[in-house]
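Letter by letter, the chains look like this.
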Amino acid sequence: MLKKLAIALLTVCTLGITNTQGQKNKTFHPKEVWNDTEGNPINAHGGGILYHKGTYYWYGEYKVGRTILPADATWERYRTDVTGVSCYSSKDLLNWKFEGVALKAITEDSESDIHPTQVLERPKVIYNKKTGKFVMWMHIDSPDYSKAEAGVAIADAPTGPFTYLTGFRPNNCMSRDQTLFVDDDGTAYQFSSSEENQTMHINRLTEDYTQTDGTYVRRFIGMAREAPAVFKHGKKYYMLSSGCTGWDPNSAQIAVADSIMGEWTVLGDPCTGPDAEKTFYGQSTHVIPIQGKKNAYIACFDMWKKKDLQDSRYIWLPMIPNKQTDGFTIPWHEEWNLNIFKKK
Ligand code: GAL
């Protein structure tokens, strides 16, 4: 009898362990804590996703430790020390394996752009087919945000380690919130909030993607757009962005263009549902085109917790093409998965 009980207990325990460890995420739960495959909260804020050879890589600000408001702050520039850029990998966009800190803060040189005392935000990685390098661009800044530069790092593998190259003002202009986009012909562009965040600059990159090539345009002039996320749908280019209110939420906006450096037309706020006018309390960071599905995109937002930045959450939602407006809608879903999109 005792032996039977022991076997039964052992079976329950073993099954229990297997279930917890083997449990896979089957749905997206915007705003909830989202754990990696080891059971730790995913820590990749202001991030971007690269699809490379069958795997998605998610890079983001690795925010660790206490959030503080510096004593000399005249606005709500809450911060954590820079620790680096994390990398996670996934095949299904739901279950993410922590690959480590792909770009580490440089602690030994207090003059470094990526010293813990500085600001490192919105890292994005693209792959250069010609050089075989993975190229990361990020917003780097002084703690009071007066530097307004872009930093560049490169690696031989998607998971890093990335080597920090340099920081500069693209075309000698300010650069804060930023993203990268690679067009079908392999030409890459950096979109960055410039001119005190009032105007978006679209900077064309050199062939190796590590510099700007001198060609740029000013768009969304005086419109104060931040947090750009750029993608291509059919033959058109789209930019999802936020307004400019620091860590606090505001309305999202989507815009379309026939040519990337041409004229952009604002289509309005794509979000629908409760709190849509506040982007569901999120701020855009990236749009993922889903591989193997047609017209299927995920809009990725950060839900910042300005007083505890490390616990900031993610809001990933489906983007549905809207034939009438030439644009997209981003409807709120408490829980959803990729079955929402039709198969290709
Ligand atoms: C936001 C920006 C974030 C961060 C924050 C600092 O406007 O999108 O990336 O810079 O300001 O307050």
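That block above? That's the structure.
Reading the values: rules and limits
- Residues numbered from 1 in each chain as written.
- Predicted model: local features only at pLDDT ≥ 70, side-chain atom pairs only at ≥ 80, totals over all residues.
- Heavy atoms only, no water.
- Helix = DSSP H or I, 4+ residues; strand = E, 2+ residues; numbered from the N terminus.
- Rg over C-alpha atoms; globule rule 2.2 N^0.38 Å.
- Buried < 20%, exposed > 50% of the residue type's maximum accessible area, 1.4 Å probe, protein only.
- Contact = heavy atoms within 4.5 Å.
- Areas by Shrake-Rupley, 256 points an atom, 1.4 Å probe, with all protein chains shown as cover.
- Lys, Arg positive; Asp, Glu negative; His and termini not counted.
- Charge placed at Lys NZ, Arg CZ, Asp CG, Glu CD.
- Phe/Tyr/Trp six-rings, centres within 6.5 Å; stacked < 30°, edge-to-face > 60°.
- Lys NZ or Arg CZ within 6 Å of the ring centre and 35° of its normal.
- Near = heavy atom within 4 Å.
- Polar contact = N/O pair within 3.5 Å; in protein donor to acceptor, adjacent residues only side chain to side chain.
- Nonpolar A, V, L, I, M, F, W, Y, C, P; charged D, E, K, R; others polar.
- Pairing = 2+ DSSP bridges.
- Core = buried A, V, L, I, M, F, W, Y, C linked by side-chain atoms within 4.5 Å.
- Axes fitted to C-alpha atoms, helices over the stretch in contact; angles between N-to-C directions.

Some points on the overall build of the protein
Reasoning step 1: Secondary structure assignment for the protein yields 1 helix and 21 strands.
Reasoning step 2: Taken against the 2.2 N^0.38 rule, which gives 20 Å for 344 residues, the C-alpha radius of gyration of the protein at 21 Å falls within 12% of a compact globule.
Reasoning step 3: In terms of overall dimensions, the protein has C-alpha extents of about 80 × 55 × 45 Å along its principal axes.
Reasoning step 4: Taken across its 344 residues, the protein has 52% of its residues classed as buried.
Reasoning step 5: Long-range pairs, those at least 24 residues apart, make up 50% of the contacts in the protein between residues at least 6 apart in sequence.
Reasoning step 6: Taken as a whole, the protein presents about 16000 Å² of accessible surface, with 52% of it coming from carbon and sulfur.
Reasoning step 7: Looking at charge distribution, the protein has the averaged site of its 39 positive side-chain charges lying 8 Å from that of its 40 negative ones.

Here's the deal with the packing of aromatic side chains
Reasoning step 1: Per the stated rule, a full pass over the model turns up 29 aromatic pairs.
Reasoning step 2: One aromatic cluster is present, built from ring pairs that chain together Phe28, Trp34, Trp58, Tyr62, Tyr88, Trp96, Phe98, Tyr314, Trp316, Trp336 and Phe341.
Reasoning step 3: Against the face of tryptophan 332 rests lysine 31, its NZ or CZ located 4.9 Å from the ring centre.

Re the site of the ligand
Reasoning step 1: Taken together, the neighbourhood of the ligand is formed by Trp75, Glu121, Arg122, Tyr145, Asp177, Glu226, Gly246, Trp247 and Gln283.
Reasoning step 2: One of the side-chain N or O atoms of arginine 122 is found 3.0 Å from an oxygen atom in the ligand.
Reasoning step 3: Contact with the protein chains hides 96% of the accessible area of the ligand, taken as 310 Å² for the molecule alone.
Reasoning step 4: Here the shell around the ligand is built from residues that sort into 3 nonpolar, 2 polar and 4 charged.

Topic: unusual backbone geometry
Reasoning step 1: The omega angle of the peptide bond from glycine 160 to proline 161 is 0°, so this bond is cis rather than trans.
Reasoning step 2: Mapped onto the fold, proline 161 is located in the loop between strand S7 (149-155) and strand S8 (163-168).
Reasoning step 3: Even without being a glycine, leucine 93 presents a positive backbone phi close to 70°.
Reasoning step 4: In this structure, leucine 93 sits in the loop between strand S3 (84-90) and strand S4 (97-104).

As for the sheet that holds strand S21 (residues 327-331)
In a beta sheet, neighbouring strands pair by backbone hydrogen bonds and run either parallel or antiparallel.
Reasoning step 1: Read from one edge of the open sheet, 5 strands run S17-S21-S20-S19-S18, paired in mixed fashion. Bordering the open sheet on either side are strand S17 (271-272) and strand S18 (283-289), each of which pairs with just one other strand.

Side note on the pairing of strand S13 (residues 226-233)
Reasoning step 1: Burial analysis of S13 places 7 of its 8 residues in the buried class, which makes it a mostly covered element.
Reasoning step 2: Sheet analysis places S13 next to strand S14 (residues 236-242), joined by 6 bridges and oriented antiparallel. The partner of phenylalanine 231 across the bridge, within S14, is tyrosine 238.

Description of the nonpolar core
Reasoning step 1: Trp58, Leu93, Trp96, Ile298 and Trp316 are the most contacted members of the largest nonpolar core, which has 41 residues in total.
Reasoning step 2: Sort the elements by how many residues they give to this core and strand S19 (residues 297-303) lands first, with 6 residues.
Reasoning step 3: Every residue in contact with leucine 93, bar those within four places of it in the chain, is listed here: Phe28, Trp34, Tyr56, Ile288, Ile290, Ile298, Trp316 and Leu338.
Reasoning step 4: Counting residues in each nonpolar core, the second largest holds 20 residues, with Tyr59, Ile114, Ile140 and Phe162 among its members.

A look at the sheet that holds strand S15 (residues 253-257)
Reasoning step 1: Taken in spatial order, the 4 strands of this open sheet run S13-S14-S15-S16, and their pairing is antiparallel. Taken across any chain shown, the strands that pair with only one partner, and hence form the sheet edges, are S13 and strand S16 (264-268). Ignoring which end each strand starts from, the neighbouring axes of this sheet average 25° apart.
Reasoning step 2: Here S14 pairs with S15 via 5 bridges, running antiparallel. Bridge assignment links tyrosine 237 to a residue of S15, and that residue is alanine 257.

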